[in-house]
Amino acid sequence: MTTMHGGGVVIAGAAETDEVGALPEHSVLRLHGEAARNALADAGLQPGDVDGIATAGHNVVEIAHHLGIAPRWLDGTSVGGCSFMLHVRHAAAAIAAGAADVVLVTHGESGRSRVGVTPYSIGPDSLKGQFEAPFGSTAPFSSFTVPALRFLHDRGMSRRDLAAVVVAQREWAFRNPRAFRRKPITVDEVLDRPPVAYPFTRDMCCVVTDGGGALVLTSAERAADLPNGDRRVYVLGSGEASESSLVSQMDDVSSFGAFRRASAEAFATAGIMPADVDHLMAYDAFAHVPLYMLEDLGFVSHGESGAFVASGNTGPGGTLPMNTNGGGLSYTHTGMYGMFAIQEAVRQLRGEAPAQVPDAEVSFVQGVGMFFGAAGSLVFANRLP
Amino acid sequence: MPTPESAPFWAGTLRGELRLQQCDDCGRHYFYPRVSCRYCGSSRIQWRQVSGHGRLVSYIINHRQPDSAGRQPIIALVELDEGPRMMTNIVGVDADPDLLPLDARLTVEFEVRGDQAIPVFRLEGAAS
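About the criteria used
- Residues numbered from 1 in each chain as written.
- Chains lettered and ligands numbered in written order.
- Predicted model: local features only at pLDDT ≥ 70, side-chain atom pairs only at ≥ 80, totals over all residues.
- Helix = DSSP H or I, 4+ residues; strand = E, 2+ residues; numbered from the N terminus.
- Rg over C-alpha atoms; globule rule 2.2 N^0.38 Å.
- Buried ≥ 20, exposed ≤ 12 C-beta atoms within 10 Å, placed from the backbone.
- Contact = placed C-beta atoms within 7 Å.
- Core = buried A, V, L, I, M, F, W, Y, C linked by C-beta atoms within 7 Å.
- Axes fitted to C-alpha atoms, helices over the stretch in contact; angles between N-to-C directions.
- Parallel < 35°, antiparallel > 145°, perpendicular 65-115°, else oblique.
- Left-handed = near helix turned anticlockwise from the far one by under 90°.
- Pairing = 2+ DSSP bridges.
- Nonpolar A, V, L, I, M, F, W, Y, C, P; charged D, E, K, R; others polar.
- Expected span 1.5 Å × (residues − 1).

Helix and strand counts for chain B come out as 1 helix and 8 strands. Reading the helices (α) and strands (β) of chain B from amino to carboxyl end gives α-β-β-β-β-β-β-β-β. Its C-alpha atoms give chain B a radius of gyration of 15 Å, near enough to 14 Å, the size a compact globule of 128 residues would have. Taking the principal axes of its C-alpha atoms as reference, chain B extends roughly 45 × 30 × 25 Å. Among the 128 residues that make up chain B, the fraction classed as buried is 30%. For chain B, contacts bridging at least 24 residues in sequence account for 45% of all contacts bridging at least 6.

Take a look at the structure:
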């Protein structure tokens, strides 16, 4: 019998679009299509082998039809950038339950070039339209960022701690030819960049790009018979949680309950502790988010995240390599970055990353969505426990 | 733009009153407006005017979108003395972090925009 956690379900195929960055010739649908084609080829499967489909940001029916898939299982869960973490978790449950055999999770977003994009608007009588937008809190940089000063203040930390996150991740991006921002940078240079929303300067905010990625999930049993079966990545554990769609209504401004709850379930279902993790992907739309995650997931204690990053622990050669593709801050960020965090975890566990972490066996992926609204956590491994 | 649930809140701001829902069962105030208590689920809730005093929890200074007068908006979280937290703007002070210490005491005032009045806050003791 296939189990949801513990390695019964695997990622059998994973790929991004041929390019990420500025892709004005790619519509949203083309990005989904290219990512799906590449991931299926990676798995050695055809569209006709797929019976389950999940996506976010675009209607799942349209994506399925576009790809020539007739699904018997659909998941359109859309909770922002961590939707794909939830899709993987839901797919693992569906495969274990027999509701699907081969699930394709796709992401495509023309975040930079805006080709074939469904317009986004905040309804004036929605919660955000009534209680946040009138104050100018509409964009990610004027919403997601608002709690950060309190986080820093409560811990005796400063803007230099935000800048240190950028510095560490740029060292990874420097090693990744596909990264959007690659030039090494210092803390002082980060602080001297143009201000976007004090305390955030430009480089403390993610890049804005076009791109896509896709995953193929199936049972470990089925994957063993596939051409690339030896490259499978096991789903060991997972968790998901949500709090408020309004950043102003977080239960605690300087700690995110959904990070704590989703990650606790992921650690518990995987049967591991933070000390067992070799590699961490911590969704970084803005530089404060990985600091929240390091503390809320239990990798460090309250108030230790800044010094942990600043002293090199998350950079190349560090004890906890984090955001090794360069992250949303330097690699790519289409709008819903979660797919790219998962892709990098898979590359690391397959030993195929541009900036490879030696002997990485267990990777933890933490996603966030709808600003501090939702969270999805995944634990992957390249061997069974 | 109000909905039926939020209409009392926005009717209050037009009269210069900050109103919140309060639960008659657990006694707590909450925000944003709902049909039942956010904490205990009770339907025995009432709209009540609150003090309009609170403290500065956190903020950003929006350098990307200055207002029509060229000022950089201060987008802030205020925690009201009654407990709930709201998004707001800090007014009557330059957008200078040295003038905006966290936990500073704040007082509400109302800024008319179109046919609506929105609750904004001023540092206590700052001239209006």
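Turning to the nonpolar core, a few remarks are in order. Inside soluble globular proteins, nonpolar side chains tend to come together where they are buried. Residue and element names in this part refer to chain A. The biggest cluster of nonpolar side chains holds 160 residues, and the ones touching the most others in it are Ala39, Val88, Val103, Leu217 and Phe380. Ranked by residue count, the leading element in this core is helix H6 (residues 159-174), at 9 residues. Not counting the four nearest positions on each side in its chain, Ala39 is found in contact with Gly13, Ala14, Ala15, Leu104, Ala214, Leu215 and Val216.

Turning to the packing of helix H1 (residues 28-43) of chain A against helix H2 (residues 60-67) of chain A, a few remarks are in order. Residues and elements named next belong to chain A. At a minimum axis separation of 10 Å, H1 and H2 run at an interaxial angle of 55 degrees. The orientation of H1 relative to H2 falls into the category oblique. Seen along the crossing, H1 lies across H2 with a hand that is right-handed. Two secondary-structure elements touch here, H1 through Leu29, His32, Gly33 and Ala36 and H2 through Ile63, His66 and Leu67.

Here the focus is the sheet that holds strand S8 (residues 233-242) of chain A. All names here are of chain A. Ordered in space as S3-S2-S4-S7-S1-S8-S11-S10-S9, the 9 strands form an open sheet in which the pairing is mixed. Only two strands of the sheet have a single partner each, and these edge strands are strand S3 (73-75) and strand S9 (279-282). Averaged over all pairs of adjacent strands, the angle between their axes in this sheet comes to 25 degrees, without regard to strand direction. As paired strands, strand S10 (residues 362-369) and strand S11 (residues 374-381) are joined by 8 bridges and run antiparallel to one another. Residue pairing across strands places Gln366 opposite Ser377, the latter belonging to S11. Together, strand S1 (9-16), strand S2 (52-55), S3, strand S4 (103-110), strand S7 (210-219), S8, S10 and S11 form the strand contacts of helix H3 (residues 83-97), whose direction differs from that of S4 by roughly 165 degrees.

Backbone torsion omega between Tyr198(A) and Pro199(A) reads 10 degrees, so that peptide bond is classified as cis. In this fold, Pro199(A) is placed in the loop between strand S5 (195-198) and strand S6 (200-201). A cis amide bond, omega 10 degrees, links Phe31(B) with the succeeding residue Tyr32(B). Here Tyr32(B) is to be found in the loop between strand S2 (29-30) and strand S3 (45-49). Despite not being glycine, Arg114(A) shows a phi value in the positive range, around 60 degrees. Within the fold, Arg114(A) resides in the loop between S4 and helix H4 (127-131). Overall, the presence of 13 C-beta atoms within 10 Å leaves Arg114(A) in the partly exposed class. One non-glycine residue, Asp359(A), lies in the positive phi region at around 60 degrees.

Turning to the interface of chain B and chain A, a few remarks are in order. Across the contact, 26 residues belong to chain B and 26 residues belong to chain A. Only strand S4 (53-62), strand S5 (74-80) and strand S6 (85-91) of chain B provide two or more residues apiece to the side of chain B that touches chain A. Broken down by element, the side of chain B that touches chain A gets its largest block of residues, 6 residues, from S4(B). A class-by-class count of the residues in the side of chain B that touches chain A yields 15 nonpolar, 8 polar and 3 charged. As defined by bridge partners, S5(A) adjoins S4(B) across 2 bridges and the pair is classed as antiparallel. Considered in S4(B), the bridge of Tyr198(A) is made with Ile61(B).

With that settled, consider the pairing of strand S8 (residues 116-123) of chain B. All names here are of chain B. Relative to S8, S6 is paired through 2 bridges, and the arrangement is parallel. The residue bridging Val91 from the neighbouring strand is Arg122, located in S8. Inspection of the sheet shows strand S7 (residues 105-113) paired to S8 by 8 bridges, in the antiparallel sense. Counterpart to Leu106 in the pairing with S8 is Leu123. Adjacent in sequence and paired antiparallel, S7 and S8 are bridged by 2 residues, among which Gly114 carries a positive phi angle near 60 degrees.

Right, let's talk about the sheet that holds strand S1 (residues 19-23) of chain B for a bit. All names here are of chain B. In spatial order, the strands read S2-S1-S3; together these 3 strands make up an open sheet with antiparallel pairing. In this open sheet, the two strands that pair with only one neighbour each are S2 and S3. The pairing of S1 with S3 spans 5 bridges and is antiparallel. Bridge pairing links Arg19 to Gln49 in S3.

All names here are of chain A. Of the two faces of S9, both are covered, the one formed by His279 and Met281 as well as the one formed by Leu280 and Ala282. Where S9 and S10 come together, 4 bridges link them in parallel fashion. Bridging from a neighbouring strand, Met281 pairs with Val365 of S10.

This part is about helix H9 (residues 257-270) of chain A. Residue and element names in this part refer to chain A. A rise of 1.5 Å per residue sets the reference length of H9, with its 14 residues, at 20 Å; its end C-alpha atoms lie 20 Å apart and thus fit the reference within 8%. Buried residues of H9: Ala258, Phe259, Ala262, Ser263, Ala266, Phe267, Thr269 and Ala270, and no others. Check the buried side of H9 and you find it contacts S8, helix H10 (288-296), S10 and S11. Phi turns positive one or two residues past the end of H9, at Gly271, with a value near 70 degrees.

Residues and elements named next belong to chain B. Within the secondary structure, Trp10 sits in helix H1 (residues 7-14). Trp10 sits in the partly exposed class, given 19 other C-beta atoms within 10 Å. For the pair formed by Trp10 and Ser36, sequence separation is 26 residues and the distance between their alpha carbons is 18 Å. Contacts of Trp10, omitting those with residues within four sequence positions, involve Pro2 and Gln116.

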